[in-house]
Amino acid sequence: MKIVICDDEHNFVLKFKGMINKYYYDIDKLQICEFNSGEAFLADFRPHRYDIVVLDIKMEGLNGLETAKEIRAKDSSVIIVFLTSYEGFAVLGYEVKAFRYILKDQPEQIYKRQLLSIFHEYHQKHYTFSVKMDNTIYNIPISQIMYFTVYGRVIELHTDSEIYETYGILSEIREDERLVNFVTPYKSYYINLAYIDNIEKKNVNMKNKEKIPLSRNYRKTVINRFVSFLTEEC
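What you are looking at is a predicted structure, and each value in this text was computed from that prediction instead of being measured.

## Here we look at the pattern of salt bridges
No. 1: Per the counting criterion, the structure on display carries 10 salt bridges.
No. 2: The partner of Lys104 in a salt bridge is Asp7, and the shortest N-O contact between them spans 2.9 Å. In this pair, Lys104 is assigned in the loop between strand S5 (100–103) and helix H4 (108–126) and Asp7 in the loop between strand S1 (2–6) and helix H1 (10–23), connecting sequence segments 97 residues apart. Asp7 matches Lys104 in its accessibility class, with the two residues each being buried.
No. 3: As a salt-bridge pair, Lys17 and Glu34 come within 2.7 Å of each other at their nearest N and O atoms. Of this pair, Lys17 sits in helix H1 while Glu34 sits in strand S2 (residues 31–35), and the two are 17 residues apart along the sequence.

See the structure below:
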């Protein structure tokens, strides 16, 4: 995983690097690059060269938002995170599809939670789930999976455009550690929190307008997980 920190505050960069190294599970697979200005970073930037870009919103010359616009024009997949001292800044990030911001002055436990969530997002983008159908193996990015559902021994994997079938039991899928953002709303479903639009009393409404049944036994857990997911995205 290749991370860029672009910030002209050297002491904070050292602190932030330390926390990244502390909370990422395998530092041997981690590369952190530093730049002290948006101009210097953009001179080095190439599409898909980096996985995560962390930008200070307030820098001399090109600020973080201006730098992010240049990045987004060339790379739609890189994860962009803003560093800011201003809590009300978050809404500006929507312009460049950066839905994460980190306050510089906050307790380490909040840094930890946000960093782990960013790492999870990275792995969701890069992990795939394999399904064998008609002697063909399909590797589906986990970020594209909306939900799993089971009918007897047949498990259906639903993306926004396709349905794949495989044999197995849903309990094995629920134990898959790669599926960190999935939750059980009903005994025969396992759904991706990223695709939930809203939650009603007896249904989970997905972003594609599908309604997934919601059991009373799972309702509280689903709501809590969804709220936590939305909070972590900030």
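## So, the packing of aromatic side chains
For any pair of aromatic rings, the description rests on two quantities: the centre-to-centre distance and the angle between the ring planes.
No. 1: This structure, assessed with the given rule, holds 12 aromatic pairs.
No. 2: Measuring from centroid to centroid gives 4.8 Å for Tyr24 and Tyr25, while their planes differ by 50°, and the two rings are tilted.
No. 3: Among the residues examined, Tyr25 registers a relative accessible area of 57% and is labelled exposed.
No. 4: Considering the side-chain rings of Tyr147 and Tyr189, the 5.8 Å spacing of their centres and the 50° angle between planes classify their relative orientation as tilted. One end of the pair, Tyr147, is in strand S8 (residues 145–151); the other, Tyr189, is in strand S12 (residues 189–192), with 42 residues separating them in the sequence. With respect to class, Tyr147 is no different from Tyr189; both count as buried.
No. 5: Taken together, the ring pairs in this structure connect Phe35, Phe41, Phe45 and Tyr50 into an aromatic cluster.

## Notes on the pairing of strand S9 (residues 154–159)
The side chains of a regular strand alternate between the sheet's two faces.
No. 1: With five of its six residues buried, S9 lies for the most part within the structure.
No. 2: Two strands pair when backbone bridges link them, and S8 and S9 are joined in this way by six bridges, in the antiparallel orientation. Each residue of the ladder has a partner; that of Tyr147, found in S9, is His158.
No. 3: Between the end of S8 and the start of S9, which pair antiparallel, lie two residues, with Gly152 showing a positive phi angle near 65°.

Parameters and conventions
- Residues numbered from 1 in each chain as written.
- Predicted model: local features only at pLDDT ≥ 70, side-chain atom pairs only at ≥ 80, totals over all residues.
- Heavy atoms only, no water.
- Salt bridge = Lys/Arg side-chain N within 4 Å of Asp/Glu carboxyl O.
- Helix = DSSP H or I, 4+ residues; strand = E, 2+ residues; numbered from the N terminus.
- Buried < 20%, exposed > 50% of the residue type's maximum accessible area, 1.4 Å probe, protein only.
- Phe/Tyr/Trp six-rings, centres within 6.5 Å; stacked < 30°, edge-to-face > 60°.
- Pairing = 2+ DSSP bridges.

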